[in-house]
Amino acid sequence: MSFVYEKLMGGKSGLTGFIILATLILVIFPTFLDLFRLNLVGKYLTYAFAAVSLVLLWGYGGTLSLGQGIFFGLGGYGMAMFLKLEASSPENTAIQSTPGIPDFMDWNQITSLPWFWEPFNSFTFTILAILILPAAFAYLVGAAMFKRRVGGVYFAIITQVIAVILTVLIVGQQGFTGGINGITDLRTLHGWDITSNNAKYIFYFVNCFLLLGVIVLSRFILTSKFGRLLLAMRDKEDRVRFSGYDVSNFKIFIFCIAALISAIGGAMFTLQVGFMSPSFVGIVPSIEMVIFCAIGGRMSLIGAVYGTLLINFGKTTFSESFPELWLFLMGGLFISVVMFFPNGLAGIWDDYGHYLTDRLKQLKDKFTTVVLNREPKQLAEDAG
Amino acid sequence: MKATSVIKSLTRFEFRRGLLRVVGVSAFLLASLSAQADSANTTGLAVTDDTVTVGILHSLTGTMAISETGAQEAEKLAIKQINDMGGILGRQIKVIQEDGASDWPTFAEKSRKLLVKDKVAAVFGCWTSASRKAALPVFEKENGLLYYPTFYEGLEQSKNVIYTGQEATQQILDGLNWVAKEKGAKTFYLIGSDYIWPRTSMKIARKHIENVLGGKVVGEEYKPLGNTQFGSVINKIRLKKPDVIYAAVVGGSNVAWFKQLKAAGITSKKQTLLTISVTEDEVLGIGGENLEGFYSIMKYFQSQDNPNNKAFVKAFKEMWGDDSVIGDVTQAAYLGPWLWKAAVEKAGTFDVDKVVAVSEMGDIELTTAPEGYVKLHKNHHLWSVARVGKWNKDGQATVVYESELLEPDPFPAGYQ
């Protein structure tokens, strides 16, 4: 019990936050939002995976990655490739010069399915690829850099460069990747219509449970000895190294975990939105993910989710209400959070939350003293 | 119809959850009952006795905003003119505008919002192929109606889209015939931005050049979107000395492309250049002096001399300012609301299925189009005329060639 309480939930404050978040996304949103809005929240929550991964990597690990979009994109593309192959059955694509291959390949004069698309006919392979490929890629990048003690700003720049390279690669090789359009028009998963209302509800809840699971997993990592090492590495890397730890391996590990978490978000994104495009791989989305994390508070797993929700909710409502002004409003939101609440939403809670809890406590005390203490007296008076 | 729409609202209801259930179902029932009273709208669209709501979905922010501004201005002008004439089926058109933000997923999100939340009767919007591809599944799923204004690569024909720009063969083939005949061109150098539209267009162009015109393609090159370095291409062009440079460079890249051509001494005095991606809007950025004497193939030029166009240009400038220019896509966007009006009036209802059915009869025509006469083909594209314009210093083109009225052929045999 104490294992669950301390290690998985992070003690009292962690548990309270977790329960509030779970109630919000599992009960309150589905009850009060219509399907369209709920689907949007589902989409936002897929970005939250990347934001949570940045809490681990950046908030605790002290390693800023400006390329989480890479892994989000790899996960998303993996899922999209599977769904696209299913959507490109010879019957559905009879109008093409080469039926049976995805439409964009046909437009680009490709006449047979490229070898690296073949395995994505299998759902098992696709799931494994979504979980393993991004992590393996992160391992390669991480090993190449951390073993050479590249870190800090250089690491951030290199991840950003990789994001650019990947975008250029995807856009340039459009015969194999769908180019700038991305992989669109995904319809079914094992013959099950993913655009139906039922599917939207199911994906929403699957997404929520995965996200909550990822938060528990991340909490476990952070409350373990490894989590403390991460903090130590962030604050005084040399001292950890001189104490006999292999710093680079720990960094590689957390980078791989962060990649894995982002990739799950990407795959869920494809399922809920119905397409994947390079606009989720490049610099802009990657930096947006860092903003979600920063707004939520980079030391708070739960805060990252709220940060993501707040920013995306703002984006949607501002752009719906003020189509010509909304970017300025978003800019204002960023500036005010950074100016007034440098620790993000979680910082607000830490700084001012105790007023609320104190007040609640006072009320409770008052209630006990006023109602409960007076009760005997009252009873006596009544009796008298 | 009565039974099905009640069932429809009930199935919708089935997926709603929680506290809003009761409110939701009564609202849906009311909506479907009152809708049945009115034959103009039996599918729960946002139509009242005196208004009908439509959506406009273009990028107001981001890199595409410059190109898409003209389109949404033209759509608003057309809607205003229709309203001044008394609206459609006695209803004034109300507009809900959304920003696609030059971001394809946002186009999908906003399309869904317009169709599901606002229940608009039609949407005028999208510009790039990528945004259309992203929004298309949403329109097909929610059975919406999209009027898409841009000249594009073809290879698409959706029940839920009316394409008011030219598809690739309409734009390309006649222009190539013209340049081969008029300039005696035999060798061509193809250059484009690297995405689906230039690639498909070049594929069609190459087949036409090689198989029909008996010419030769001496080079084919693609540059990333937003690329500003054309030095190596220009060197290759100098080396190959093609009779014609055939260009489909889009957006901001055009500025660098034409300035670097001029700096390299490749001007219209020595070189024929034919582009399928430059309209008056782009010339504003490129500068007429960098383009003077080069040719564009489009279906519309602002300088076209006919009464329809004179009235259109005058009204456009009155509404959006004397400095505004009107390019091909702007004019195609202007046709959208008019084509929709014609179809709705013919169908006598706003129901998407019926409007589409009427549009597919192939006899909806506009005699008042600024470009001249257009007719809607049963394959959802427009019959239109291809024109070659020669650019002048002042940023306007002189039309030097007009084709006949061309049949749209989105899936051209022998060119795929």
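Residues numbered from 1 in each chain as written. Chains lettered and ligands numbered in written order. Predicted model: local features only at pLDDT ≥ 70, side-chain atom pairs only at ≥ 80, totals over all residues.

*Asks:* What am I meant to see in the overall build of chain A here?
*Replies:* Along its length, chain A carries 16 helices and two strands. A burial count over chain A gives 43% of its 384 residues as buried. In chain A, the proportion of contacts linking residues at least 24 apart, taken out of those at least 6 apart, comes to 77%. (Helix = DSSP H or I, 4+ residues; strand = E, 2+ residues; numbered from the N terminus. Buried ≥ 20, exposed ≤ 12 C-beta atoms within 10 Å, placed from the backbone. Contact = placed C-beta atoms within 7 Å.)

*Asks:* For this particular structure, what's the right way to read the overall build of chain B?
*Replies:* A count of helical and extended segments in chain B gives 13 helices and 14 strands. Over its C-alpha trace chain B gives a radius of gyration of 23 Å, about what one expects of a compact globule, namely 22 Å for 416 residues. Expressed as a percentage of the 416 residues in chain B, the buried residues total 53%. Relative to all contacts within chain B whose residues are 6 or more apart in sequence, the contacts with residues 24 or more apart total 70%. (Rg over C-alpha atoms; globule rule 2.2 N^0.38 Å.)

*Asks:* Any chance you could explain the interface of chain A and chain B here in plain terms?
*Replies:* Contact with chain A, which involves 35 residues of that partner, is made by 37 residues of chain B. Elements that contribute at least two residues to the side of chain A that touches chain B include exactly α2 (11-32), α3 (35-60), α7 (152-172), α9 (197-223), α14 (301-321) and α15 (326-340) of chain A. Each residue belonging to the side of chain A that touches chain B can be placed in one class, and the counts come to 15 nonpolar, 17 polar and three charged. (Nonpolar A, V, L, I, M, F, W, Y, C, P; charged D, E, K, R; others polar.)

*Asks:* Explanation requested: the packing of helix α6 (residues 168-183) of chain B against helix α7 (residues 196-212) of chain B in the structure shown.
*Replies:* The geometry of a pair of packed helices is captured by two quantities: the angle between their axes and the separation between those axes. All names here are of chain B. It is the contact of α6 with α7, at a shortest axis distance of 10 Å, that shows an interaxial angle of 35°. The way α6 lies across α7 gives a crossing that is right-handed. Side by side, α6 and α7 meet where Ala168, Thr169, Ile172, Leu173 and Leu176 of the first sit next to Thr200, Ser201, Ile204, Ala205, His208 and Ile209 of the second. Looking at the contact of α6 with α7, its residues break down into seven nonpolar, four polar and no charged. (Axes fitted to C-alpha atoms, helices over the stretch in contact; angles between N-to-C directions. Left-handed = near helix turned anticlockwise from the far one by under 90°.)

*Asks:* Explain the nonpolar core to me, please; I cannot follow it from the model alone.
*Replies:* Within soluble globular proteins, side chains that are nonpolar tend to cluster in buried spots. Formed by 167 residues in total, the largest nonpolar core has its most connected members in Ala51, Val52, Leu54, Cys293 and Ala304 of chain A together with Leu339 of chain B. Counting residues per element, this core draws most heavily on helix α12 (residues 247-273) of chain A, at 16 residues. Leave out the neighbours within four places in its chain, and Val52 of chain A touches Val214, Ile215, Ser218, Ile261, Leu301, Ala304 and Val305 of chain A. Counting residues in each nonpolar core, the second largest holds 47 residues, with Leu190, Ile204, Leu291 and Ala386 of chain B among its members. (Core = buried A, V, L, I, M, F, W, Y, C linked by C-beta atoms within 7 Å.)

*Asks:* How should I be thinking about the domain arrangement of chain A in this particular structure?
*Replies:* Bring the parts together and some accessible area is lost; that lost area is often taken as the interface size. What the domain assignment reports for chain A is domain 1 (9-342) and domain 2 (346-384). Computed from C-alpha atoms alone, the centre-to-centre distance between domain 1 of chain A and domain 2 of chain A is 44 Å. (Domains from an automatic or database assignment.)

*Asks:* Would you take a moment to explain α9 of chain A for this structure?
*Replies:* It helps to recall that an α-helix has 3.6 residues per turn; residues three or four apart then point in one direction. Its 27 residues place the ends of α9 of chain A 39 Å apart at the C-alpha level, agreeing with the 39 Å of an ideal helix rising 1.5 Å per residue. Close packing links the buried residues of α9 of chain A with α1 (2-8), α2, α3, α10 (225-235), α12 and α14 of chain A. (Expected span 1.5 Å × (residues − 1).)

*Asks:* Would you explain the sheet that holds strand β5 (residues 161-163) of chain B in this entry?
*Replies:* Within a sheet, each strand pairs with its neighbour through backbone hydrogen bonds, oriented either parallel or antiparallel. Residues and elements named next belong to chain B. Spatial strand order, β2-β1-β3-β4-β5: five strands in an open sheet with parallel pairing. Since the sheet does not close on itself, it has two edges, and those belong to β2 (92-99) and β5, each with one partner. Within this sheet the neighbouring strands show an average axis-to-axis angle of 25°, counted without direction. (Pairing = 2+ DSSP bridges.)

*Asks:* For this particular structure, what's the right way to read the confidence of the model for chain B?
*Replies:* All names here are of chain B. Averaged over all residues, the pLDDT of chain B equals 89, while 91% of them reach at least 70. A low-confidence stretch, residues 1-37 (pLDDT under 50), is modelled with 30 contacts involving residues beyond four sequence positions or located in other chains. With a pTM of 0.85, the predicted complex shows an ipTM of 0.82. (pLDDT = per-residue confidence, 0-100.)

*Asks:* Explain the packing of α3 of chain A against α12 of chain A here, please?
*Replies:* All names here are of chain A. Where α3 meets α12, the closest approach of the two axes is 8 Å, and the angle between their N-to-C directions is 175°. On the basis of their axis angle, the class for α3 and α12 is roughly antiparallel. Taken together, the residues of α12 that come into contact with α3 (itself represented by Asn39, Gly42, Lys43, Thr46, Tyr47, Phe49, Ala50, Val52, Ser53, Leu54, Leu56 and Leu57) are Ile254, Phe255, Ile257, Ala258, Ile261, Ser262, Ile264, Gly265, Met268, Phe269, Gln272 and Val273. The residue inventory of the contact of α3 with α12, partitioned by class, reads 16 nonpolar, seven polar and one charged. (Parallel < 35°, antiparallel > 145°, perpendicular 65-115°, else oblique.)

*Asks:* Sorry, what's going on with the environment of Gly191 of chain A here?
*Replies:* Residue and element names in this part refer to chain A. Among the structural elements, Gly191 can be located in the loop between β1 (188-189) and β2 (192-193). A tally of 7 C-beta atoms within 10 Å means that Gly191 is categorised as exposed. Once the C-alpha coordinates of Gly191 and Ala156 are considered, the two residues, 35 residues apart in sequence, prove to be 42 Å apart.

*Asks:* Just checking my understanding: could you explain the environment of Ser122 of chain A for this structure?
*Replies:* All names here are of chain A. You can see Ser122 is positioned in the loop between α5 (103-107) and α6 (123-146). Take Ser122: there are 13 C-beta atoms within 10 Å of it, and that puts it in the partly exposed class. With 52 residues separating them in the primary sequence, Ser122 and Ile70 have C-alpha atoms 23 Å apart.

*Asks:* Which parts of the structure should I look at to understand α7 of chain A?
*Replies:* Residues and elements named next belong to chain A. The end-to-end C-alpha distance of α7 is 30 Å, a good match for the 30 Å that 21 residues give at a rise of 1.5 Å each. Within α7, burial applies to Phe155, Thr159, Gln160, Ala163, Leu166, Thr167, Ile170 and Val171. Projection of α7 onto a plane perpendicular to its axis shows the buried side chains occupying an angular sector of 145°, all on one side. Seen from the open side of α7, the exposed residues pointing more than 90 degrees away from its buried face are Val153 and Tyr154. Where α7 is buried, its residues contact α4 (68-87), α6, α8 (174-177) and α13 (283-296). (Arc of directions from axis to C-beta.)

*Asks:* Quick question: what am I supposed to make of the pairing of strand β6 (residues 187-193) of chain B here?
*Replies:* Remember that side chains alternate between the two faces of the sheet whenever the strand is regular. All names here are of chain B. With six of seven residues buried, β6 is to be regarded as a mostly interior element. As judged from the seven bridges shared by β6 and strand β7 (residues 216-223), these two strands associate in the parallel manner. Of the residues in β7, the one forming a bridge with Ile191 is Glu221. At this point the chain moves from β6, through α7, to the parallel β7, and the crossover so formed is right-handed. Note: β6 against strand β8 (residues 244-248), five bridges, orientation parallel. Directly across from Leu190, in β8, lies its bridge partner Tyr246. (Right-handed = clockwise from strand over helix to strand, strands pointing away.)

*Asks:* Sorry, what's going on with unusual backbone geometry here?
*Replies:* Of all residues except glycine, most have a negative phi; of all peptide bonds, most are trans. All names here are of chain B. Although it is not a glycine, Ser102 sits at a positive phi angle of roughly 55°. With respect to the helices, strands and loops of the structure, Ser102 is situated in the loop between β2 and α4 (104-117). Of the residues examined, Ser102 has 23 C-beta atoms within 10 Å and is grouped as buried. Positive phi outside glycine occurs at Cys126, with the angle close to 70°. Looking at where Cys126 falls in the secondary structure, it is placed in the loop between β3 (123-125) and α5 (129-142).

*Asks:* What is the right way to read the pairing of strand β13 (residues 382-391) of chain B from this model?
*Replies:* Residues and elements named next belong to chain B. Summarising burial for β13: seven of the ten residues are buried, a large majority. As paired elements, strand β10 (residues 295-298) and β13 share four bridges and run antiparallel to each other. If you follow Tyr295 over to β13, its bridge partner there is Lys390. Sheet analysis places strand β12 (residues 374-376) next to β13, joined by two bridges and oriented antiparallel. Counterpart to Lys375 in the pairing with β13 is Trp383. Counted between consecutive antiparallel strands, the loop separating β12 from β13 contains five residues, among which His380 sits at a positive phi close to 75°. Where β13 and strand β14 (residues 397-406) come together, seven bridges link them in antiparallel fashion. Looking at the pairing, Lys390 lines up with Thr398 of β14. Hairpin connection from β13 to β14: five residues lie between these consecutive antiparallel strands, with Gly395 at a positive phi of about 85°.

*Asks:* Could you clarify how one ought to interpret the environment of Gly70 of chain B in this entry?
*Replies:* Residues and elements named next belong to chain B. With respect to the helices, strands and loops of the structure, Gly70 is situated in helix α3 (residues 65-84). For Gly70, a count of 28 C-beta atoms within 10 Å translates into the label buried. For the pair Gly70 and Val325, spaced 255 residues apart in sequence, the C-alpha to C-alpha distance is 8.1 Å. In this structure, Gly70 is in contact with Asp281, Ile326, Gly327, Val329 and Thr330, ignoring residues within four places of it in sequence.

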